[in-house]
Amino acid sequence: MDNSLPPADELVLVDRELAQLDARRSQLLARRAWLIRFLHAPAASAALPPRPPVADSTPRGAQNVLLTLGGTLLTIAAIAFTLVSWGSMGIGGRAAVLSAVTAAALVAPVALLRRSLVSTAEAVAALGMVLMVLDAYALHRVALPETDGLGYAAVAAAVLAAAWTAYGSALSRLRVPLPVAVVAGQLPLPLGVLAAGGGSTAFAWAALLTAAADGAVVLWARPASVRITAVTGAVALGGWALLTGGLLSLTSPWDGAPLLLAGAAVTLYLAWRRPALAVAASAVAGLAAVTAVGGLLRAAVPADWAVPGYVLCGLAAASVWWLRAGTAGTASASAPAPEAGTRPGGSTADTSGARLPAGVRLGLACAGAATAALGVVWALPPVVAGLLGPVARTTEVWSGEHAEHALASYPGTAVLVLAVAAAVLAVLPRLWARCGALALVWALLTALPVSLGLPFAATLALQLLTSAAALWIAVRPGPATRGLRTTAAPGGRSGAPGAESGPGAPLPPVTAPSAAPAAPPAGGPGAPWPGWAPVRPRMQAPVAAPGTVLGWSAYAGGLASAVSAVALSLDVRVATFLALGVVLGLGSAVAVLGVDARRVVSACGAVLTATGLVFAVAAAGGFEDHWTALALLLVPAATAAVGARAPRPVALAIEITGGVVGLLALGIAASRPAFLALALALGGVIAAATAVRPERRRFAAWTAAALFLSATWVRLAVWEVATPEAYTLPVTVPALVVGFLRRRRDPEASSWTAYGPGLAATLLPSLFAAWTDPEWVRPLVLGVAALMVTLLGARFRLQALLVLGGTVLALDGLHELAPYVVQAVGALPRWLPPALAGLLLLAVGATYEQRLRDARRLRDRVARMR
C-alpha cells in the first residue's frame, strides 16, 4: 500500500529537517571555535593541591551511630522499668515518673532544634514516642485492666497516631514522628474489627478502608518518607483485601464483588492522580474489576460459560486502550511538563475534562489482555488433543476402528473463547496481533473435532483443509498483511508492509532544533558539552518482513496439521491414500511456489510423503519386503530426475532425502542377498544417471562405482564364488584406467596415487591366497603378473609398479622355492650351511663399501621415480 505523504506535509518535514541541520552546523562551528581557543591558550602551570586523606567514617555517621545506640539503651531501660519496677512504686510515684519522663522526652526536641541539633532531637523524640506506647500499656494494666485488649489497642493506636501526627506537624524538622504515625494508623480499623468479632469479610473491608486512607496520604502528603510508608501500608492491606475479595468471588460472588469493585475504584483513583503509579495501579484495578464482574457472571450462567464470561470482561477492560480521548479531545501519549497547576507532592491538576491518561489505559489494557490470555490457555487442551491424539494410536493400522476423542467431556465453549480472541486480535493493525490471530484460527480449527465430537471423515477433511489453508497463506501471505500499520523501524527503515524507501518515502519524525547553539563549557577538553554529542553509527538488526513472519507462522501450523491428518488417516486404507496424496500435492505446491527455506522443507516433506505412499501401495498389494525395497528405489530415481530441473538448494535437499530413502531400501533388501545385489545395481544406475550433470559428476560417479562394485560382490557371494580375484579384479581394472587417465592429464602425479590402490587391491589378496594354495596355477599366474608389473615400472620409471611388483614377485618366488630349499638343505652335510654363511659374510665384508654405494645408488634411482 502507498504510505507517501501529501506534498504539503512532506514539504513541512523537509523544512524541519533542514532547520535541524542548520542548528547542528551552528553547534559544530561553536565547538570548533572553542577548541581553537583552548589549543592556543597557555598551559596552566599551577600544580594540583594535595588530596586530603580519606577518613574511615564521617562525623555525621559517627554521630548517628552514637545517638542510635543511646536511644536504644534508654528505650530498653524504660521498658525494663515499666515491666519490672512498676509494682514497687505507688500510684502517685508511677504517674509522676511516667509523666515527667515522657513530657521531658517530648519537650526536649524543641530546645534541641533551636540549637540545630537535629539528630539529637530525632533520637530523643523517638524515645518519647516509645514512652508514649509504654504509657498506654501502663494505663491499660493499672487503670483499665478489664478492658478488652484488642479494642483498647485499636483506640490506643488511633490516639497515638493522632498525637504523633500533631507532634510531627508541629515539629516539621523531625523526620520520625509522621512515618511512625502512618504505621500506627494502619492498626485501628483492623484491630477494631477483630475486637468486635468480625469475620474475614469485615476485616477485608477494614483493611481496604485503611488502604484508601493510605492512598489519600500518598496523594496529599509532602515528605517522601511519609509517602513511602503509606504506599507500603496500602500495598499490604489493599493486597490482603483484594485477595480476600478474589476468594469470596469464587465462593460468594455477591459478597466479594462489592469489595473488589471498591478496591478497584480506590486503586484507579490513585492511578489517575499519580502518573508514576498509573500502570501498576490501573492494572491491579482492572484485574479486580474483571474478577468481580466475572464472578457475578459465573454465578448467573452455566459452568461451561464461566471462562468465556471472564474473557469477555477482560476484553471489555482491554478495550479501554482505544479510548484515547474523552469529550475533551485526544490525550497526549506523554505527560505534560509541570506548570502552575501542579499540586504539592507532584500531582498535577486535571484540566482535561474526561481525558483518560495513557498510563491508566495501558494498565487496564494489560489487565484485560492477561485475563484473555488465561482464557486462551484454558482453551488449549482440546487443541493439543486434536493435534496429538491421532499420533498416540490405540487401534491397529487400517483396522477400520476409530479411537474416541480425548477430552471429549471438555467444555465446548473452549472454541468460542478461541474464536473471540482470534477476532479481537485480527482487528488490531499490528504484526504480533496478526500472527496471534493466525495461530488462534489454526487452534480453533484443530480443536473443533474434539469440542464438537465430529466423526472420522469430517475430522480428516477438516484437518486437510486446515493444512491446505495454512500452507496457502504461507505461500501467499499478502492477504494476511492487509491493514497492518506502518511503523518506522530503527534506522529509518519501515518494518511494516507497504513501507517505501527512496526520495518518495515519508521522512521519519524530526526533533525541533534548539533555539541557539549550546555555550562552550568552561572546563577543559574533557568537560561535558550538553548541547552536542557526536553521532555514532549503530548496527541495526535486520527486520523481518511481515509477510515472512506471517508465512512462517502459517507454515508451522500447516505442517503440524498435515502430520496429524496423515496419522489420523491410518485408521482406514482409502483415507490413508487420500491423505498422503493430498499432503504430497500440498508439499509439491509449496516447494514450487514458496520462497526461502520453506521450499526446501516442503520438498523434503514431499519426498517423505512419497515414501509413505510407496509403503502404503506395497502394504495394500501384499508385497514382500524385498519387493518393497525395489519399489522404494522409485523415490531416489524420481528425486534424481526432479533435481535436474529444480533450483540448487531444493535439488540438493531432495536428492539427499532420496539418498536416505535409498539407504532404507537397501536395509530392507538386506535379508535377501540376490535382491540386495539387484537393488545395489539399480542404485548404481540412478547414481550414474545423476553423474551426467556437471555439478554432481564427481560425487555421483564415485557413488555409482561403489554401488556397482558392491552389487558385483554381493552377486558373487550369492553364487558362492570363493576366488578372491573375482572380487578384486572389478576394482583393479577401473582403478588402473582412472589412474592412467589422471597421469595423462597430470604427468607430475605420483604413481602411488594413480596406480597404487588399484594394484594393491588385486596383488595383495592374491599373494595371501597363493601362500595357502597347494596348486601351482595361482602362484604361476601371480608371478607372471608381478613380473610384468615390475618390468613396466622399470621401463616407465614408476615407483609404485616397481616396488609392488618386485615385492610380490619376490614373496611369490620365495613361497615356490621354499620346499626345494628345505629339501636341499636337509640333504647337505650339517657343516656346509655355516661354512656358506661364513663365506657370504667374508664376501660382503670385503666388498662392503662397493655394496653400500650400490645400495645408495639403487635407493636414489627408486626415489627419483614417480
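From a predicted model like this one, the values you see are computed outputs, not experimental measurements.

**Q** Would you explain the overall build of the chain in this entry?
**A** Scanning the chain from N- to C-terminus turns up 32 helices and two strands. For the chain, the proportion of its 866 residues judged to be buried stands at 35%. Partitioning the contacts of the chain with sequence separation of at least 6, the portion at a separation of at least 24 is 71%. Here the chain displays about 49000 Å² of accessible surface, and carbon together with sulfur accounts for 71% of that area.

**Q** Explain the packing of helix 5 (residues 149–170) against helix 7 (residues 188–195) to me, please; I cannot follow it from the model alone.
**A** For any two helices packed against each other, the geometry is given by the interaxial angle and the distance between the axes. Packing of helix 5 against helix 7 leaves a shortest axis separation of 8 Å and a crossing angle of 160°. With respect to helix 7, the element helix 5 is oriented roughly antiparallel. Along this stretch, helix 5 crosses helix 7, giving a crossing that reads as left-handed. From helix 5, Leu150, Gly151, Ala153, Ala154, Ala157 and Ala158 reach across to helix 7, where they touch Pro188, Leu191, Gly192, Leu194 and Ala195.

**Q** Whenever I open this one, the nonpolar core confuses me. Can you help?
**A** Considering soluble globular proteins, one finds that nonpolar side chains tend to be buried as a cluster. Judged by nonpolar contacts, the single largest core of 28 residues is most densely connected at Leu676, Ala679 and Leu680. If you list the elements that add at least two residues to this core, you get helix 20 (596–621), helix 21 (625–632), helix 23 (648–669), helix 24 (673–690) and helix 25 (697–718). Of the residues forming this core, the biggest block, seven residues, is contributed by helix 23. Setting aside chain neighbours within four positions, we find Leu676 in contact with Leu666, Ala669, Ala670 and Val714.

**Q** Got a minute to help me understand the environment of Thr772 in this structure?
**A** Mapped onto the secondary structure, Thr772 falls in helix 28 (residues 756–772). The sequence separation of Thr772 and His815 amounts to 43 residues, and the corresponding C-alpha distance is 9.7 Å. Of note is the side chain of Thr772, whose polar atom sits 3.1 Å from the backbone oxygen of Ala769.

**Q** What is the right way to look at the side chain of Thr657 in this model?
**A** With respect to the helices, strands and loops of the structure, Thr657 is situated in helix 23. Look past the residues within four positions of Thr657 in its chain and what remains in contact with it is Cys604, Val607 and Leu608.

**Q** In this structure, what is going on with the environment of Ala689? I would like to understand it.
**A** One can find Ala689 in helix 24. In sequence terms Ala689 and Ala704 are 15 residues apart; their C-alpha atoms lie 8.8 Å from each other.

**Q** Could you clarify how one ought to interpret unusual backbone geometry in this entry?
**A** Leave glycine aside and you will find that most residues have negative phi; peptide bonds, for their part, are mostly trans. The phi dihedral of Trp398 is positive, around 60°, even though this residue is not glycine. Structurally, Trp398 is set in the loop between helix 14 (381–388) and helix 15 (414–427). Located in the positive-phi region is Arg797, a residue other than glycine, with phi close to 55°. Within the secondary structure, Arg797 is located in the loop between helix 29 (777–796) and helix 30 (799–827). Take Arg797: its relative accessible area is 43%, and that puts it in the partly exposed class.

**Q** Where do I start with helix 20 in this structure?
**A** Note on helix geometry: an α-helix contains 3.6 residues per turn, so any two residues three or four positions apart are oriented the same way. Helix length check: helix 20, at 26 residues, gives a terminal C-alpha distance of 39 Å against a target of 38 Å (1.5 Å per residue), a fit within 8%. Phi turns positive one or two residues past the end of helix 20, at Gly622, with a value near 70°.

**Q** Any chance you could explain the confidence of the model for the chain here in plain terms?
**A** Per-chain confidence: the chain averages 80 in pLDDT, with 78% of residues scoring 70 or above. Across residues 52–59, where pLDDT falls below 50, the model places zero contacts with residues more than four positions away in sequence or in other chains.

**Q** When you look at the pattern of salt bridges in this model, what are you seeing that I'm missing?
**A** Opposite charge on two side chains lets them pair, provided their charged atoms get close. Summed over the entire model, instances satisfying the criterion amount to six salt bridges. The salt bridge involving Arg693 is made with Glu655; its shortest N-O contact spans 2.4 Å. Here Arg693, found in the loop between helix 24 and helix 25, pairs with Glu655, found in helix 23; they are 38 residues apart in sequence, far enough to count as distant. Glu655 carries the same exposure label as Arg693, and that label is buried. For Glu655, the salt bridge identified is with Arg696, shortest N-O distance 2.6 Å. With Glu655 in helix 23 and Arg696 in the loop between helix 24 and helix 25, this residue pair connects regions lying 41 residues apart in the sequence. In this structure, Glu655 and Arg696 share a single accessibility class: buried. Overlapping salt bridges, with partners in common, bring together Glu655, Arg693, Glu695 and Arg696 in one network.

**Q** Sorry, what's going on with the packing of aromatic side chains here?
**A** Two aromatic rings, taken as a pair, are described by how far apart their centres are and by the angle between their planes. All chains considered together, the criterion is met by six aromatic pairs. Between Phe203 and Trp240 the ring centres are 6.4 Å apart and the planes differ by 90°, which places this aromatic pair in the edge-to-face class. With Phe203 in helix 8 (residues 200–220) and Trp240 in helix 9 (residues 224–251), this residue pair connects regions lying 37 residues apart in the sequence. Exposure remark for Trp240: the relative accessible area of 48% places this residue in the partly exposed category. Taking NZ or CZ as reference, Arg361 lies 4.6 Å from the ring centre of Trp321, over its face. Above the face of the Phe796 ring, Arg795 is positioned so that its terminal group lies 5.2 Å from the ring centre.

**Q** Before we go on, may I ask you to explain the packing of helix 14 against helix 16 (residues 431–452) in this structure?
**A** Two numbers describe how helix 14 lies on helix 16: the axes approach to 7 Å, and their chain directions differ by 80°. As the angle between them shows, helix 14 and helix 16 are arranged roughly perpendicular. Facing helix 14, whose interface residues are Pro382, Val383, Ala385, Gly386 and Leu387, helix 16 presents Trp442, Ala443, Thr446, Ala447, Val450 and Ser451. Classifying every residue of the contact of helix 14 with helix 16 by side-chain character gives eight nonpolar, three polar and no charged.

**Q** Before we go on, may I ask you to explain the side chain of Ser564 in this structure?
**A** Here Ser564 shows up in helix 18 (residues 546–569). Not counting the four nearest positions on each side in its chain, Ser564 is found in contact with Gly386, Leu387, Pro390 and Gln463.

**Q** Honestly, a nonpolar patch on the surface in this entry has me stumped. Any pointers?
**A** A cluster of nonpolar residues, Trp776, Val777, Leu780, Val781, Val784 and Met788, forms a patch on the protein surface that exposes about 600 Å² of accessible area. Along the polypeptide, Leu780 turns up in helix 29. The partly exposed category is assigned to Leu780, whose relative accessible area is 46%.

What counts and what doesn't
Residues numbered from 1 in each chain as written. Predicted model: local features only at pLDDT ≥ 70, side-chain atom pairs only at ≥ 80, totals over all residues. Heavy atoms only, no water. Helix = DSSP H or I, 4+ residues; strand = E, 2+ residues; numbered from the N terminus. Buried < 20%, exposed > 50% of the residue type's maximum accessible area, 1.4 Å probe, protein only. Contact = heavy atoms within 4.5 Å. Areas by Shrake-Rupley, 256 points an atom, 1.4 Å probe, with all protein chains shown as cover. Axes fitted to C-alpha atoms, helices over the stretch in contact; angles between N-to-C directions. Parallel < 35°, antiparallel > 145°, perpendicular 65-115°, else oblique. Left-handed = near helix turned anticlockwise from the far one by under 90°. Core = buried A, V, L, I, M, F, W, Y, C linked by side-chain atoms within 4.5 Å. Polar contact = N/O pair within 3.5 Å; in protein donor to acceptor, adjacent residues only side chain to side chain. Expected span 1.5 Å × (residues − 1). pLDDT = per-residue confidence, 0-100. Salt bridge = Lys/Arg side-chain N within 4 Å of Asp/Glu carboxyl O. Phe/Tyr/Trp six-rings, centres within 6.5 Å; stacked < 30°, edge-to-face > 60°. Lys NZ or Arg CZ within 6 Å of the ring centre and 35° of its normal. Nonpolar A, V, L, I, M, F, W, Y, C, P; charged D, E, K, R; others polar. Patch = residues over 30% accessible without salt bridge, like charges linked within 9 Å, V, L, I, M, F, W, Y side chains within 5 Å.

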